[in-house]
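This is what each chain is made of:
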Amino acid sequence: LWQDVPLAPPDSIFKLTAAYKADTYDKKVNLGVGAYRDDDNKPWILPVVKKATQILLNDETLDHEYLPITGLPEFTAAAAKLILGADSPAIKEGRTVSVQTISGTGANHLGALFLSRFYKFNGAPKIYLSNPTWANHHAIFKNVGIEPVEYPYYDPKTIGLDYTGFIGALQEAPARSVFLLHACAHNPTGVDPTQEQWKAIANVIAEKKHYAFFDCAYQGFASGDLDKDAWAVRYFVEQGIPLLVCQSFAKNAGLYGERVGALHVAPPNKETAERVKSQLSVLQRSEISNPPSHGARLVSLILNDPQLFGEWKRDIETMAGRIIDMRNVLYKLLTEELKTPGNWDHIINQIGMFSFTGINPEQSKALTEKAHIYLTANGRISMAGLNSHNVRYFAESLDKVVRG
Ligand code: PMP
């Protein structure tokens, strides 16, 4: 039995972390994993999360019973408001379906599974993914029998958005195609469309009756402002574009291991929403029965208490602010001090946790082998891995590999 099971390669990001941990060099730097670190390279428990944890510990009314199949209602309702906006037409019209999921990955999976069962694909089931995208997107859709196809997104020449290619793909795709869009802080490139570009993208999507599958893993993390980072999703809802949103609280609440997320679907009316919800419940029941309670209770407390919510916003600003600072410091070091050959404007123009440096796989390998700096072969760095102690070492090492 199982003799024919082929050996699968290890996950590249987790492999990178293991290699970093095994390295004994004192100046080693991990720019692989997309998890926030403070200025001392330590995981950061948000002060508001500490406070909410204490409140839960002292709450004697809580127990360990099962949550409903679709999750903690006060969490899903508040989570919908956070991403769609409290005055969203979809919420006001009672046509939002929100299901608590196993973080953003679970939301992507449930959304994909739902589409695989109920979306009226124009031909064989396909999803258009940005080239490049979070590698897991490919696996998640393949798992449910939806074929991933790519649309142009990143232009290596400008280290920016391939806007013309993107719009062209939207126009050329058959009507009613499904496009996965990163709501903000595109992973892995850090390149987002401007608001004007989003408007044009929305126009074509509406014209062609495409379906927008939004993935939002970094709300607040991109700009430090929760509303600003939700702009694209809210604009699409206002335009009446059919969509769903996958939401994660891993990054913006630092709850990586608690797996807190939600899937929000916005059908055209209340009656359809009820039917959609009933089917999502059936799917969820067979997959996880019901979602875990602890993380959802924490986030629910934070979202529903104005004072805690205010504290959370400040914590988000701390994280986003530190990342933006690192972008500025790195940019200055490369352009003013080291005068590293090439244009480095993208370091400050890109947004969120990640930055595509524009270096090639050989240069990326050289950074790891010569300088003990761990990053993915595509040249993506997690800005959260940089801090005031290692940014100069990183800039100097990058300068060396660029000069060859
Ligand atoms: N989508 C994107 C684009 C991501 O970058 C991530 C995290 N790397 C996720 C979804 C899901 O993360 P999680 O399951 O930890 O919420």
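Scoring rules and cut-offs
Residues numbered from 1 in each chain as written. Predicted model: local features only at pLDDT ≥ 70, side-chain atom pairs only at ≥ 80, totals over all residues. Near = placed C-beta within 6 Å. Helix = DSSP H or I, 4+ residues; strand = E, 2+ residues; numbered from the N terminus. Nonpolar A, V, L, I, M, F, W, Y, C, P; charged D, E, K, R; others polar. Core = buried A, V, L, I, M, F, W, Y, C linked by C-beta atoms within 7 Å. Buried ≥ 20, exposed ≤ 12 C-beta atoms within 10 Å, placed from the backbone. Domains from an automatic or database assignment. Pairing = 2+ DSSP bridges. UniProt positions renumbered as here; feature names shortened; annotations may be inferred. Axes fitted to C-alpha atoms, helices over the stretch in contact; angles between N-to-C directions. Contact = placed C-beta atoms within 7 Å. Right-handed = clockwise from strand over helix to strand, strands pointing away.

Visitor: Quick question: what am I supposed to make of the site of the ligand here?
Guide: Around the ligand sit 13 residues in total, of which Ser-103, Gly-104, Thr-105, Ser-248 and Ala-250 are the nearest. Examining the composition of the shell around the ligand, we find that three residues originate from one element, helix H5 (residues 103-118), more than from any other. A class-by-class count of the residues in the shell around the ligand yields four nonpolar, eight polar and one charged.

Visitor: Just to check I follow, could you spell out the nonpolar core for this structure?
Guide: Soluble globular proteins: nonpolar side chains tend toward being buried together. Phe-213, Phe-214 and Val-233 are the most contacted members of the largest nonpolar core, which totals 116 residues. Ranked by residues supplied to this core, first place goes to helix H13 (residues 306-337) with nine residues. Of the residues that make up this core, three or more belong to each of domain 1 (12-45 + 316-403) and domain 2 (73-304).

Visitor: What exactly am I supposed to notice about the pairing of strand S9 (residues 243-248) here?
Guide: Across a regular strand the side chains alternate sides, sitting on one face of the sheet and then on the other. Extensive coverage of S9 is indicated by the burial of six of its six residues. Here S9 shows two buried faces, one formed by Leu-243, Val-245 and Gln-247 and the other by Leu-244, Cys-246 and Ser-248. Here strand S8 (residues 211-216) pairs with S9 via five bridges, running parallel. Bridge pairing in S9 links Asp-215 to Cys-246. Direction of pairing for S9 relative to strand S10 (residues 260-266): antiparallel, over a ladder of six bridges. Within the sheet, the bridge partner assigned to Val-245 lies in S10 and is His-264.

Visitor: I tried to follow the UniProt feature "domain: Aminotransferase class I/classII large" (unreviewed entry) in the protein on my own but got confused; where do I start?
Guide: Mapped onto this numbering, the UniProt entry annotates "domain: Aminotransferase class I/classII large" (unreviewed entry) at residues 27-398. The span residues 27-398 is 47% helical and 15% strand by assignment, and the distance between its end C-alpha atoms comes to 14 Å.

Visitor: Can you help me understand the sheet that holds S8 in this one?
Guide: Backbone hydrogen bonds hold the strands of a sheet together, and the pairing may be parallel or antiparallel. Strand order in this open sheet of seven strands is S2-S10-S9-S8-S7-S3-S4, and the pairing throughout is mixed. With one partner strand each, in any of the chains shown, strand S2 (97-102) and strand S4 (147-152) form the two edges of the open sheet. Strand-to-strand twist of the sheet, defined as the mean angle between neighbouring strand axes without regard to direction, takes the value 25°. Contacts from helix H6 (residues 135-143) reach strand S3 (126-131), S4 and strand S7 (178-182), with the element oriented near 145° to S4.

Visitor: What is the right way to look at the pairing of S4 in this model?
Guide: Where S3 meets S4, six bridges bridge the pair, whose relative direction is parallel. Bridge pairing links Lys-126 to Glu-147 in S4. For the crossover that starts at S3, traverses H6 and ends in the parallel S4, the hand is right-handed.

Visitor: What is the right way to look at the domain arrangement of the protein in this model?
Guide: Accessible area lost when the parts come together is the quantity often used to give the size of an interface. Domain annotation for the protein reports domain 1 (12-45 + 316-403) and domain 2 (73-304). Placing the centre of domain 1 and that of domain 2 at their C-alpha centroids yields a distance of 28 Å. Contacts between the two partners involve 21 residues from domain 1, matched on the other side by 23 residues from domain 2. Put simply, the parts of the chain that give the side of domain 1 that touches domain 2 at least two residues each are H13 and strand S11 (354-356). If one sorts the elements of the side of domain 1 that touches domain 2 by residue count, H13 sits on top with five residues. Each residue belonging to the side of domain 1 that touches domain 2 can be placed in one class, and the counts come to eleven nonpolar, eight polar and two charged.

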